[in-house]
Every structure is written in structure tokens, then in C-alpha cells.
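Residues per chain, in single letters:
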Amino acid sequence: LKKMNFSTKLGIGFGLGLVLICVVGVFSIHIAKELSDLNRKLYEHPFSVTKAVLSIETNVMRIHRTMKDVVLAKGDSELNDAVVQVNELENKILSSFSVIRERFLGDKAMYERAETLYREWRPIREEVISLVRAGRLEQAAAITKGKGAAHIDGIMTALSALETFAEKMAARFFADSKTLRDRDLTMMYAIIMVSLLLGGLFS
């Protein structure tokens, strides 16, 4: 290297600098893409599933409260208003189950169980509504407080399992993201050190 004239060293150093800048640039793009992919998966799967599960849980409890209004309804007008509200909430719940079906990364039997339990609740609610229309309020109230409430417990347990799995997946994605970041930073520092060493050789 000592035998090289200044212009040759300058040319080689400049060329190496350009190559290393290109390497760093390409590597930076690769890092950004990997982290972007992980963040996208985190949002599209664990976060979306958790949000959908929380929405279902909230609306299930709203339906449960509205079913009490069904039993306590004074006249057909109040009863029909309560039934309409139940149907609207059910549409929201079924929409949330569609999100889970599309985004859930675990065993599909988990969300199928939760959705099946929810759908099995509808005949129980319809029975209560029919009893109220027939004026058999005590029997309707007993079903709401007994069989209906017990069924809701089963739905909530199944939903809780989905939420727990989604939280574990989110934690895994976060851990993968940290591992990826640490690995890539180490490699970036190594590239910079090599650049400095080569720069020193041709200075």
C-alpha cells in the first residue's frame, strides 16, 4: 500500500467508500423491511384479534343486559325496541367473529368453539322472547338468569382463551422484533468498523 501513489490510494478509497455506502444503504432497507413486516403481522393478527375479542365481550354483555330489558318490557313497543337492539348487537358480534376467523393464527378449533357457543345462545334468547310475548314472565326471567347466564360464562371462557393466545403471539412478535433489531444493529456496527479500518489502510 505504501508503494501506491496518492491518486491511486484516493481512487481506491473513494471506490471502497461508495461500495460500503451502497452496502449500508441496502442493509438499512433490508432492516426497515423486516421490521415493517413484523409490525404489519403484529397489527394484522394479534392486535386485530384482541380488538375483535374485546368487542365481542362488550357486546355480549350488552345483549345480556338488553335481554333483561326484554323481560321487564312494558308492552310490545318496548319489547320490539329491545329485540331490535339485540339484533343490531348480534350483527356487530358476527362481524367481529369474521375478523377472528380471518386473522387468528392458532388452532381454528379455538375460535370455532367460541363462535359455536355464541350461536347456540340465540335459541335461548329466542325462547325468552317467545315466553315474554306469551306473558310467561317468570319463566322467561328464570331462563335469563339461569341457562342464559350460564351459557354466557361458557362464551366468555372461550373468548378469554382466544385473547390469551393473541397476547402470547403479540409478545412473541415483540421478542422477535427486538432480536432482529439487536442482530441488525450488531451487523451495522461491524460494517462501520470495517469501513473505518479500510479507510485507515488507504489514508
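Because the structure is predicted, anything quoted here is derived from the model rather than measured.

## Some thoughts on the overall build of the protein chain
Scanning the protein chain from terminus to terminus reveals four helices and zero strands. Reading the protein chain from its N end, one meets helices and strands in the order α-α-α-α. Within the protein chain, the proportion of its 203 residues that are buried is 34%. Put simply, of all contacts in the protein chain between residues at least 6 apart along the chain, 80% involve residues at least 24 apart. Carbon and sulfur atoms provide 62% of the accessible area of the protein chain, an area that totals close to 12400 Å².

## Here we look at a nonpolar patch on the surface
On the surface, L185, Y189 and I192 cluster together to form a nonpolar patch covering roughly 290 Å² of accessible area. Relative to the assigned elements, Y189 resides in helix α4 (residues 137–201). Y189 sits in the exposed class, given a relative accessible area of 53%.

## Digging into helix α3 (residues 108–133)
For α3, which comprises 26 residues, the first-to-last C-alpha distance of 38 Å matches the rise-based estimate of 38 Å (1.5 Å per residue) to within 8%. Those residues of α3 that sit buried are Y111, A114, E115, L117, Y118, W121, I124, R125, V128, I129, L131 and V132. Capping the start of α3 is the job of one residue whose side-chain oxygen sits 3.0 Å from the backbone nitrogen of A109: D107. In the stretch just after α3, G135 is the one whose phi turns positive, near 85°.

## Describing the packing of helix α2 (residues 76–103) against α3
Close contact between α2 and α3 brings their axes to 11 Å; oriented N to C, the two are set at 170°. When the axis of α2 is compared with that of α3, the two are roughly antiparallel. Contacts from L79, N80, V83, V86, N87, E90, I93, L94, F97, I100 and R101 of α2 reach α3 at Y111, A114, E115, Y118, R119, R122, R125, I129, V132 and R133. Within the contact of α2 with α3, the residues separate by chemical class into twelve nonpolar, two polar and seven charged.

## Observations concerning the nonpolar core
Ranked by size, the top nonpolar core spans 39 residues in total, and within it V60, I100 and L159 carry the most contacts. Looking at this core, the elements with two or more residues in it are α1 (6–72), α2, α3 and α4.

The rules behind the values
- Residue indices begin from 1 for each chain and proceed along its sequence in written order.
- In view of the model being predicted, local features appear only for residues whose pLDDT reaches at least 70, and side-chain atom pairs are presented and counted only at 80 or more, with totals across whole chains, interfaces and linings using the full set of residues.
- For side-chain calculations, the full set of non-hydrogen atoms in the structure is used, while hydrogens and water are omitted.
- Elements are defined by DSSP. Helices are runs of H or I of four residues or more, strands are runs of E of two residues or more, and each kind is numbered from the N terminus.
- Residue burial is assigned from relative accessible area. The probe radius is 1.4 Å, only protein chains are included, and a residue is buried under 20% of its type maximum, exposed over 50%, and partly exposed in between.
- It only takes one pair of heavy atoms within 4.5 Å for two residues to be counted as in contact.
- Working definition of accessibility: Shrake-Rupley area with a 1.4 Å probe, residue cover restricted to the visible protein chains.
- Patch construction takes residues with relative accessible area above 30% that form no salt bridge. Like charges are linked within 9 Å, and nonpolar side chains (Val, Leu, Ile, Met, Phe, Trp, Tyr) are linked within 5 Å.
- Each salt bridge in this description consists of a side-chain nitrogen of Lys or Arg and a carboxyl oxygen of Asp or Glu lying within 4 Å of one another.
- Given a helix with a known number of residues, its expected span is that number minus one, times 1.5 Å.
- Any pair of N or O atoms that falls within 3.5 Å is considered a polar contact. Within protein, one atom must be able to donate a hydrogen and the other to accept it, and sequence-neighbouring residues count only if both atoms are side-chain atoms.
- Lines fitted to C-alpha atoms define the axes, with helix axes restricted to the stretch in contact, and inter-axis angles between N-to-C directions lie between 0 and 180 degrees.
- Under this scheme an angle from 65 to 115 degrees is roughly perpendicular, one under 35 degrees roughly parallel, and one over 145 degrees roughly antiparallel; angles in between are oblique.
- In the scheme used here, Gly and all other residues not listed as nonpolar or charged are polar, with Ala, Val, Leu, Ile, Met, Phe, Trp, Tyr, Cys and Pro taken as nonpolar and Asp, Glu, Lys and Arg as charged.
- Definition used in this section: a nonpolar core is a set of buried Ala, Val, Leu, Ile, Met, Phe, Trp, Tyr and Cys residues joined via side-chain atoms within 4.5 Å.

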